[in-house]
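# Structural description and commentary
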Amino acid sequence: MSIRFNTVLASLALSAAVGAAHALTVVTGNVPQPDQSNVVRNACGLDPGSAEGTTILGCLNDDHAQLISLSSDESIRWVGGGQARVRASSGRYSQLEVSAVDNTLSSVILNLNVSSDGFVSFSDGTDTSALFAVDANGQNFFTITDLFGDLSLMTFSDALGTEADIIQDTRQIRLTLAGPVPAIPESDTYALLMAGLGAVLFVARRRVRTG
């Protein structure tokens, strides 16, 4: 029994290691993904106050009830409505987080318009990408897939990772939803799980002693 119990533990450890191997994929360029929707502002029926602030709201062009949240460390605002652009309320910005309210993201495509050459990295809260170059004289499309959660990005002035406010606006945001946010187990569910594991451990020890 002890061998079987240790085998179960080893299997759980292997599963955890496989989960930790998750990595988001970033491709430079506009690479359309299945079932993508545009993020818009003009059809959402939102409070005008949510058009400007550190967090602003939009929705999907094909599902106006699905709200999309865009956040930064400084005030940002919508420019236009369809295929909306997101700009800083004053000056430029370096950070942006894209999330779907009550949903998770599978892929995101966006186009960064920057004021000077630099770099950008992406994160989904589990994995952070390498630095990718952005060009002040052209469009900077990025396609991010294999997301594990929300998407955040940060821009830098150099390859050493010096954060810099170089984003003039983020435009043409499209995304694919992965599904609803997983429910957080209730505390009594955790208690039952721990009690079950404790019982398994107790039985395993008794059999080892009497074996």
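Scope of this entry: the structure provided in the associated data block.

Calculation notes
Residues numbered from 1 in each chain as written. Predicted model: local features only at pLDDT ≥ 70, side-chain atom pairs only at ≥ 80, totals over all residues. Heavy atoms only, no water. Disulfide = S-S within 2.5 Å. Helix = DSSP H or I, 4+ residues; strand = E, 2+ residues; numbered from the N terminus. Phe/Tyr/Trp six-rings, centres within 6.5 Å; stacked < 30°, edge-to-face > 60°. Buried < 20%, exposed > 50% of the residue type's maximum accessible area, 1.4 Å probe, protein only. Polar contact = N/O pair within 3.5 Å; in protein donor to acceptor, adjacent residues only side chain to side chain. Contact = heavy atoms within 4.5 Å.

All right, on to the state of the cysteines then. Counting across every chain of the model gives one disulfide. One disulfide in the model links cysteine 44 with cysteine 59; its S-S distance is 2.1 Å. On the sign convention where negative means left-handed, the S-S torsion of about -85° between cysteine 44 and cysteine 59 marks this disulfide as left-handed. Of the two residues, cysteine 44 is situated in the loop between strand E2 (37–40) and strand E3 (52–60) and cysteine 59 in strand E3; the sequence distance between them amounts to 15 residues.

Let us now look at the packing of aromatic side chains. As enumerated under the stated definition, the model contains two aromatic pairs in all. Consider the rings of phenylalanine 122 and phenylalanine 142, whose centres lie 5.2 Å apart with planes at 55°: the pair is tilted. Taken as a pair, phenylalanine 122 in strand E8 (residues 118–123) and phenylalanine 142 in strand E10 (residues 140–145) lie far apart in primary sequence, 20 residues in all. Ring geometry for phenylalanine 132 against phenylalanine 142: centres 6.1 Å apart, planes inclined by 70°, an arrangement best described as edge-to-face. Placement of the pair is phenylalanine 132 in strand E9 (residues 132–134) and phenylalanine 142 in strand E10, with a sequence separation of ten residues.

So, about the side chain of threonine 155. The topology assignment puts threonine 155 in strand E11 (residues 151–156). Residue class for threonine 155 comes out buried when judged on its relative accessible area of 0%. A distance of 2.9 Å separates a polar side-chain atom of threonine 155 from the backbone oxygen of alanine 164. Beyond its immediate chain neighbours, meaning those up to four positions away, threonine 155 contacts Tyr93, Ser94, Phe119, Val120, Thr162, Glu163, Ala164, Ile166 and Ile167.

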